[in-house]
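A closer look at the structure
For reference, the chains in residue letters:
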Amino acid sequence: VVSGWWAIRNDKAAEAGTNIDMPGDDQRYSKTKLNKTLPPGRLDEMVEEVLNGMGSSGAWSNLPGDDCRVGCNCEDALYRKVATNPKHLDLARRIAAQGAVLLKNDEV
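Residues numbered from 1 in each chain as written. Predicted model: local features only at pLDDT ≥ 70, side-chain atom pairs only at ≥ 80, totals over all residues. Heavy atoms only, no water.

1. With respect to the overall build of the protein
Summing up its helical and strand segments, the protein has five helices and zero strands in all. Listing each helix as α and each strand as β along the protein from the N terminus yields α-α-α-α-α. Residue burial in the protein is summarised as follows: out of 108 residues, 16% are buried. Sequence separation of at least 24 residues holds for 24% of the intrachain contacts in the protein that already meet a minimum separation of 6. Only carbon and sulfur atoms are counted for the fraction: they give 55% of the accessible area of the protein, which is about 8,600 Å². (Helix = DSSP H or I, 4+ residues; strand = E, 2+ residues; numbered from the N terminus. Buried < 20%, exposed > 50% of the residue type's maximum accessible area, 1.4 Å probe, protein only. Contact = heavy atoms within 4.5 Å. Areas by Shrake-Rupley, 256 points an atom, 1.4 Å probe, with all protein chains shown as cover.)

Following this line, the structure appears as structure tokens:
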């Protein structure tokens, strides 16, 4: 489970099942903090779940050199591509609609 950007409001989110805190710059998931607050084994479980997801998505596969994946310099792909034609916008909307998952926020 990945949090929405700046959605985590307390330190119990990792224990409750949120593996990634986005965007990750608020220090909620610092190694020191997590080691102090999580039950034994939970941090390892979080890392394993993230790495399994990355592996099953092909993050380390032999893709073309211009793709954006782990270890790449994605600046060009993320900030210099123009994707504003109607075909691209339609694709982006379909991907967003099919990939959206909403979870109830119970103050965790």
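2. Side note on the pattern of salt bridges
Overall, the coordinates contain two salt bridges when judged by the stated rule. A salt bridge links arginine 42 to glutamate 45, with the nearest nitrogen and oxygen atoms 2.9 Å apart. Of this pair, arginine 42 and glutamate 45 both sit in helix α3 (residues 42–56), three residues apart, which is roughly one turn of that helix. When its relative accessible area of 39% is taken as the criterion, glutamate 45 is described as partly exposed. In this structure, arginine 94 engages aspartate 90 in a salt bridge whose closest nitrogen and oxygen atoms are separated by 3.1 Å. Of this pair, arginine 94 and aspartate 90 are both found in helix α5 (residues 86–99), four residues apart, which corresponds to roughly one turn of the helix. Take arginine 94: its relative accessible area is 44%, and that puts it in the partly exposed class. Note on aspartate 90: relative accessible area 39%, which makes it partly exposed. (Salt bridge = Lys/Arg side-chain N within 4 Å of Asp/Glu carboxyl O.)

3. Comments concerning the packing of aromatic side chains
The geometry of an aromatic ring pair is captured by two quantities: the separation of the ring centres and the angle between the planes. Within the structure shown, the criterion is met by one aromatic pair. Judged by centre distance (5.4 Å) and plane angle (75°), the rings of tryptophan 5 and tryptophan 6 are edge-to-face. Residue class for tryptophan 5 comes out exposed when judged on its relative accessible area of 55%. Overall, tryptophan 6 belongs to the partly exposed group, its relative accessible area being 45%. (Phe/Tyr/Trp six-rings, centres within 6.5 Å; stacked < 30°, edge-to-face > 60°.)

4. What about unusual backbone geometry?
Between methionine 22 and proline 23 the backbone carries a cis peptide bond, its omega angle lying at 0°. When you line up the elements, proline 23 lands in the loop between α1 (13–16) and α2 (31–37). Its identity is not glycine, yet tryptophan 6 carries a phi of approximately 60°, on the positive side. Position of tryptophan 6 among the secondary structure elements: in the segment before α1. Not every positive phi belongs to a glycine, and glutamine 27 is a case in point at roughly 65°.

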